[in-house]
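Each chain, written out:
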Amino acid sequence: GLVLGRVPHGVRFLTCSVDVQLAYFEWLIRGWGINGESWVVGHGKMLGEPATSPDSWDALLRQVYMTPVPLA
């Protein structure tokens, strides 16, 4: 079965989308296969102040973009 936080077999690349709100970020990591298949690899919500705090953006980068995702 699908295990979040791991890249499933068949994934060729990952994308990450971030929904920026007033007081938080909501993010989704999706893996994509060669025939257009996709799998949710991870998701989450992180409190912050996106409009006024560069530190919030740095924390998002550390938590989401710079955290390794192991292969299944």
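Structure's up top.
Quick caveat, the model's predicted, so the values are computed rather than measured.

Reading the values: the criteria
Residues numbered from 1 in each chain as written. Predicted model: local features only at pLDDT ≥ 70, side-chain atom pairs only at ≥ 80, totals over all residues. Heavy atoms only, no water. Buried < 20%, exposed > 50% of the residue type's maximum accessible area, 1.4 Å probe, protein only. Helix = DSSP H or I, 4+ residues; strand = E, 2+ residues; numbered from the N terminus. Pairing = 2+ DSSP bridges. Core = buried A, V, L, I, M, F, W, Y, C linked by side-chain atoms within 4.5 Å. Contact = heavy atoms within 4.5 Å. Expected span 1.5 Å × (residues − 1). Arc of directions from axis to C-beta. Phe/Tyr/Trp six-rings, centres within 6.5 Å; stacked < 30°, edge-to-face > 60°.

1. Concerning the pairing of strand β2 (residues 24–32)
The alternating pattern of β2 places Phe 25, Trp 27, Ile 29 and Gly 31 on a buried face, while none of Tyr 24, Glu 26, Leu 28, Arg 30 and Trp 32, on the opposite face, is buried. From the end of strand β1 (residues 13–20) to the start of β2, which pair antiparallel, there are three residues. Hairpin connection between β2 and strand β3 (residues 38–47): a loop of five residues separates the two successive antiparallel strands, and Gly 36 in this loop has a positive phi of roughly 85°.

2. A word on the nonpolar core
Judged by nonpolar contacts, Val 7, Val 11, Phe 25, Trp 27, Ile 29, Val 41, Met 46, Leu 60 and Val 64 together constitute the single largest core of nine residues. Secondary-structure elements contributing two or more residues to this core are β2, β3 and α1 (54–65). By residue number, the principal contributor to this core is β2, which donates three residues. Other than its neighbours up to four places away in sequence, Val 7 contacts Leu 14, Val 41, Val 69, Pro 70, Leu 71 and Ala 72.

3. Structural notes on α1
Across its 12 residues, α1 extends 16 Å between first and last C-alpha, which sits within 8% of the 16 Å expected from 1.5 Å per residue. For α1, every residue scored as buried is listed here: Ser 56, Leu 60 and Val 64. Burial along α1 is one-sided: seen end-on, the buried residues are contained in an arc of 45°. Among the exposed residues of α1, those oriented more than 90 degrees off its buried face are Pro 54, Asp 55 and Arg 62. Tucked inside the fold, the buried residues of α1 contact β1, β2 and β3.

4. Considerations on the packing of aromatic side chains
A full pass over the atoms with the stated rule returns one aromatic pair. Ring centres 4.9 Å apart and planes at 75° place the aromatic pair Phe 25 and Trp 57 in the edge-to-face group. Note that Phe 25 is positioned in strand β2 and Trp 57 in helix α1, a separation of 32 residues in sequence. For Phe 25, a relative accessible area of 0% gives the class buried.

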